[in-house]
Amino acid sequence: MADRLYMKDNPPRLITSKPGYNASPSLDYIYKTFDSDWFNGAGIRWMFRVYFSYGGVTRQNRTVMFPYALDHVPKYSWFWGGYNTNAKDATAPFSNFSQQPNKNLPMFNSAWQTAPGGGSSQTPNNSFRVYNDRCEIIDTLVAGVDKFGTLIVYQS
Amino acid sequence: MSERLFLGQTQGRQLLRITPPGVNASNLTSRSSFSSDGDYLRVHAVVDQQLNRTNNYHWGDYSFPALGYLPMAFLSITHTSLNRVFYPNDRNPATTEMNNFWDWQLQDGHVWIYTTAASTFGGNYRARVLIFKNRADEFIGA
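The rules behind each value
Residues numbered from 1 in each chain as written. Chains lettered and ligands numbered in written order. Predicted model: local features only at pLDDT ≥ 70, side-chain atom pairs only at ≥ 80, totals over all residues. Helix = DSSP H or I, 4+ residues; strand = E, 2+ residues; numbered from the N terminus. Buried ≥ 20, exposed ≤ 12 C-beta atoms within 10 Å, placed from the backbone. Contact = placed C-beta atoms within 7 Å. Nonpolar A, V, L, I, M, F, W, Y, C, P; charged D, E, K, R; others polar. pLDDT = per-residue confidence, 0-100. Pairing = 2+ DSSP bridges. Axes fitted to C-alpha atoms, helices over the stretch in contact; angles between N-to-C directions.

Student: Help me out: how do you make sense of the overall build of chain A in this one?
Tutor: A tally of regular secondary structure across chain A gives 0 helices and 10 strands. Secondary structure elements of chain A, listed N to C terminal, follow the sequence β-β-β-β-β-β-β-β-β-β. Per-residue burial over chain A gives 29% buried out of 156 residues. Pairs at least 24 residues apart make up 52% of the contacts formed inside chain A by residues separated by at least 6 positions.

Here it is, written out as structure tokens:
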């Protein structure tokens, strides 16, 4: 029977391991399932859905305030798209899908060509900045239609 | 000396929290390497398939075990002869092998991936979808 939980030392350290491997600081990474010395853990603190309403010729700059200020600038992921209240037809020509989406149910997707600072007429973010207490998205291209994106803020 | 492990109640919350060196674990505004309050991306299913190809349109739809809610997912697309990840960050003509017209959507139990215009480069594409157990509809509206 392997000791799969290690929690000791000062400063303390928590390590868990895969079945058959004793949890210890010297255990190879691939056999650890968690190690509190991995500083860049991908625990999620918040997930936001940021909505941009169609602004005509008006820029739709957005500032997303965090629920509370952090003492550091957090790691984050950003992509256009995310949760949609309704699906759409899957409409590729020459396709023979086994079934079609149920348009009465929500769907998830993401847009592409959307690296922060890149942008296109469909993805109007020219500048994207994260601070300790907020995220700022600067639209220099003007959203052509209603748009939304998903922002994930991590614990590290 | 920082308190790198906290187990108990702080600011009205019961939690286990572990922090990097120099960071107090009981300070909820600080970085953490583990927090029982936090959510984590948990892989539910992986789709790894070569897409169908008809007149240089690429498409496929695939099932995975339903969860009872709409899950989050990440998609990547590679050209099978080049083994480079194109989607989501690459584009034609910067990468001529890339098609600019990928679309995809996912519902509970099924995912659709397709191009809405023909590719000019030819060849086949491979799609990988990481489907997480995390709900797609648990977010803060902003």
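Student: Please explain the interface of chain A and chain B as it appears in this structure.
Tutor: Across the boundary between the two partners, chain A contributes 52 residues, which contact 46 residues of chain B. Elements supplying a minimum of two residues to the side of chain A that touches chain B: β4 (44–52), β6 (76–84) and β7 (107–110) of chain A. Examining the composition of the side of chain A that touches chain B, we find that 7 residues originate from one element, β4 of chain A, more than from any other. By residue class, the composition of the side of chain A that touches chain B is 31 nonpolar, 17 polar and 4 charged.

Student: Quick question: what am I supposed to make of the confidence of the model for chain A here?
Tutor: For residues with low pLDDT, the predicted coordinates do not support detailed interpretation. Residue and element names in this part refer to chain A. Mean pLDDT over chain A stands at 82; residues scoring 70 or higher make up 80%. Mean pLDDT values over the elements of chain A span from 74, in strand β8 (residues 125–130), up to 91, in strand β5 (residues 62–65). Here residues 114–119 scores under 50 on pLDDT; set against residues more than four positions off or in separate chains, the count is 16 contacts.

Student: Would you mind going over the sheet that holds strand β1 (residues 5–8) of chain A with me for this structure?
Tutor: Two orientations exist for strands paired in a sheet by backbone hydrogen bonds: parallel and antiparallel. All names here are of chain A. Taking strand neighbours across the sheet as the criterion, the 3 strands line up as β1-β2-β3 in an open arrangement whose pairing is antiparallel. One side of each edge strand has no neighbouring strand; the edge strands of this open sheet are β1 and β3 (32–35). Averaged over all pairs of adjacent strands, the angle between strand axes in this sheet comes to 10°, irrespective of strand direction. When β1 meets strand β2 (residues 13–17), the two strands line up antiparallel, connected through 4 bridges. When the bridges of β2 are listed, lysine 8 appears paired with arginine 13.

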